Amino acid sequence: MMKKSRRSFLKVAGIAAIGLGASPAMNFASSDSDGTALAVKGKNEQALTAHRWGMVIDTNKITEEIAGKITEVCHKTHNVPDFKHDVDPEKFPKTRPVNHKQEIKWIWEEEFHYAFPEKEDEYLAEKFHDLPFLVTCNHCKNAPCVQACPTQATFKREDGIVIMDFHRCIGCRFCMAACPYGSRSFNFRDPRPFIAETHPDFPTRSKGVVEKCNLCAEQLAKGELPHCVQVSEGAIVVGDLEDPESDIRILLKEHYTIRRNQSLGTEPSVYYIV
Amino acid sequence: MLEIAIKGSKNYWSWIIFLLLVMGAGFIVYVDQFLNGLMITGMSRDVSWGFYIANFTFLVGVAAGGVMVVIPYYLHNYEKFHRITILGEFLAVAALVMCLLFIIVDLGQPTRALNVLLYPSPKSMLFYDMLVLNGYLFLNIVIGWKVLEAERNQVEPPFWTKPLIYLSIPFAIGIHTVTAYLYCGLPGRGYWLTAILAPRFLASAFAAGPAFLIILCYLIRKFTKFDPGWEAMQTLAKIVCWAIIANLFFFLCEVFTVYYSNIPGHKAHLTYLLFGYHGYNALVPWMWTGLILMFTGAIFLVIPQLRNNKTLLPFTCAMIFFGAWIDKGLGMISGGFVPSPLHHVTEYAPTKPEIMITLAVYATGFLVLTILYKLATQVKEEVRG
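Because the structure is predicted, anything quoted here is derived from the model rather than measured.

1. Comments concerning the overall build of chain A
Alright, step 1. For chain A, the helix and strand inventory stands at nine helices and 10 strands.
Alright, step 2. Out of the 274 residues in chain A, the part that is buried amounts to 49%.
Alright, step 3. For chain A, restricting intrachain contacts to residue pairs at least 6 apart in sequence, the fraction spanning at least 24 positions comes to 67%.
Alright, step 4. Surface summary for chain A: the accessible area is close to 14400 Å², and the carbon and sulfur share equals 54%.

2. Let's talk about the side chain of arginine 200 of chain B
All names here are of chain B.
Alright, step 1. Its place among the elements puts arginine 200 in helix H8 (residues 197–223).
Alright, step 2. Assessed through its relative accessible area of 2%, arginine 200 is described here as buried.
Alright, step 3. What arginine 200 contacts, discounting residues up to four positions off in sequence, is Tyr191, Asn247, Phe250, Phe251, Glu254, Asp327 and Met332.

3. Overview of the interface of chain A and chain B
Alright, step 1. With 47 residues of chain A in contact, the opposing surface of chain B contributes 42 residues.
Alright, step 2. For the pair chain A and chain B, the two sides together bury roughly 3700 Å², of which 55% comes from carbon and sulfur.
Alright, step 3. One can count two salt bridges joining chain A with chain B.
Alright, step 4. With a closest N to O distance of 2.6 Å, arginine 173 of chain A and aspartate 106 of chain B form a salt bridge.
Alright, step 5. Between chain A and chain B we count 31 residue pairs in polar contact (both at pLDDT 80 or more) in total.
Alright, step 6. When residues of the side of chain A that touches chain B are traced back to their parent elements, those giving at least two are strand S2 (107–110), helix H3 (112–115), helix H5 (144–148), helix H6 (174–178) and strand S6 (185–186) of chain A.
Alright, step 7. Tallying contributions element by element places H6 of chain A first for the side of chain A that touches chain B, with four residues.
Alright, step 8. Looking at side-chain class alone, the side of chain A that touches chain B contains 23 nonpolar, 13 polar and 11 charged residues.

4. A short note on the packing of helix H7 (residues 161–184) of chain B against H8 of chain B
Residues and elements named next belong to chain B.
Alright, step 1. One can describe the packing of H7 onto H8 by two numbers: an axis separation of 8 Å at closest approach and a directional angle of 135°. When the interaxial angle is binned, H7 and H8 end up oblique. Between H7 and H8 the crossing geometry is right-handed. Of the residues in H8, those touching H7 at Ile173, His176, Thr177, Thr179, Ala180, Tyr181, Tyr183 and Cys184 are Leu197, Ala198, Phe201, Leu202, Ala205 and Phe206.
Alright, step 2. Per-class residue counts for the contact of H7 with H8 are 11 nonpolar, three polar and no charged.

5. A look at the pairing of strand S1 (residues 53–58) of chain A
All names here are of chain A.
Alright, step 1. Counting buried positions over the six residues of S1 gives six, a clear majority of the element.
Alright, step 2. Here five bridges tie S1 to strand S8 (residues 236–240), and the two strands are oriented antiparallel to one another. Each bridged residue has a counterpart across the sheet, and for glycine 54 the counterpart in S8 is glycine 239.
Alright, step 3. With four bridges connecting them, S1 and strand S10 (residues 270–273) associate as parallel partners. Paired with aspartate 58 across the bridge in S10 is isoleucine 273.

Cut-offs applied
- Residues numbered from 1 in each chain as written.
- Chains lettered and ligands numbered in written order.
- Predicted model: local features only at pLDDT ≥ 70, side-chain atom pairs only at ≥ 80, totals over all residues.
- Heavy atoms only, no water.
- Helix = DSSP H or I, 4+ residues; strand = E, 2+ residues; numbered from the N terminus.
- Buried < 20%, exposed > 50% of the residue type's maximum accessible area, 1.4 Å probe, protein only.
- Contact = heavy atoms within 4.5 Å.
- Areas by Shrake-Rupley, 256 points an atom, 1.4 Å probe, with all protein chains shown as cover.
- Buried area = accessible area lost by both parts, 1.4 Å probe.
- Salt bridge = Lys/Arg side-chain N within 4 Å of Asp/Glu carboxyl O.
- Polar contact = N/O pair within 3.5 Å; in protein donor to acceptor, adjacent residues only side chain to side chain.
- Nonpolar A, V, L, I, M, F, W, Y, C, P; charged D, E, K, R; others polar.
- Axes fitted to C-alpha atoms, helices over the stretch in contact; angles between N-to-C directions.
- Parallel < 35°, antiparallel > 145°, perpendicular 65-115°, else oblique.
- Left-handed = near helix turned anticlockwise from the far one by under 90°.
- Pairing = 2+ DSSP bridges.

In structure tokens, the structure reads:
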């Protein structure tokens, strides 16, 4: 009796799940007559798309305050743990002390000579000494991390975004050794006790996997700009590097820009106006 | 044949129990790491590989070093190595078992390890490393076992072992070459980004592997009735001698290139290791110890009177073994990560739990080695007696 009812429950649940999964796609297919429906199944029509996503950071517009806001919104919306956060002892008893060297960050401030160590100069223009340089994943055209990953948990999307499957990552950290920009972090421990408020729109990670900036792929899919762009007061622009008419290409045409460690041939997609 | 392993003296069993205790203690620590993550290690965002991968790299070398007895015996019919070839092969098996264990304990998600097979990624060097390491392990188990069994039954080994033996030679070179390729193909890590890394790895492997084999020969002479033969050990010592000199030469080539070209990204790492960088110098005493051990060992082996000295030789070999361990273990891994690509300096030292797990992996390797050597020596005693 027990067994039977369980089986029939599973059956119903399974059919329901198929129905739920298929209905949006089917609606979409029916509204589309030229037969391309299958290829774009499940894609939001409002989604922001590009042939190759890129980012321009105008360092003249970035103040300490803006940089702080950017880091905060990025880390909050992506459930990036903050090791300075006081752990709730009731929810997470026996949480061990943190090692700040094992911290996780997606976007953060660096001084010029760390962000651009190959451009170190004794007589560097003074203003560069105080400017906060925001660094993050460069979504390289020739990404060494993608090449190094033994499971394709890190992969490159057709639109140029270098992104991760947290559930496939085995935590070998080969990508961290491969990344010449230090853009990757490893979950040396369960990050959840250090997330003040879990953001429901993005998954939390488990211990033992690597993570990094995903150019807010989840935002782009909804047709919204990345969080960092939204709070940057115009200092960060994202757009299609392969579209000559895009905002980002116009910015690149009008300003002198630099990229981090270009000599390595990784072709970073993040440009800095200096 | 395996029944030989369960009949042993009191000494044998005490040693086995000791190894099992170390394994047990390490396993308990590993359970903690499994449940709580790699936070229990000294690794960090900047130094994302540590003691586990350092020992892995070194032991791949020890495994590859086994080929230094296989080549003279099977390719040049050097009869003196007849007695110790099996020792080289079984040493490779034990070393590879440790290598694979070190990879497993280093993984953040060990239960997902098979993803490497589920999603084969031919662009990743780790994919090839997995292939050659497992291939070489398989070859050595099959070859060692079949050849020993044939010896016990006093028949010729099966004909198909010959091609496998020849195949194992490129595999031995392959495991260490691919392991070097893990490192030397990464842009932005100046210390590793050098074409001489694979040759240097092989040179230090051909020194450390045979050096350890000589020490093992001494132990076998002490604890069993089987004599590997002084002449074979002497030949091994000569191999160690030239290999360690080659390793030091390659290292000096590296030092010249780095300092004469004066490129900061490459220079910073060696400077950190040899003299300290921006006031950080935790590894400086280690590095110099390693270099002095290797240099002194090389000198002791070049001078015939010292090399032929039966009391000195095991100590010389131990010096070279530990020198190579420092050079290729901690020095190679930490040296590559410090300073970071952003030129931040984060130093690394293994924690106590990390060391305990490492010791347990070594204990597992020694358990495999003890059992295999017990089989080999007993069979050889039987056949002779």
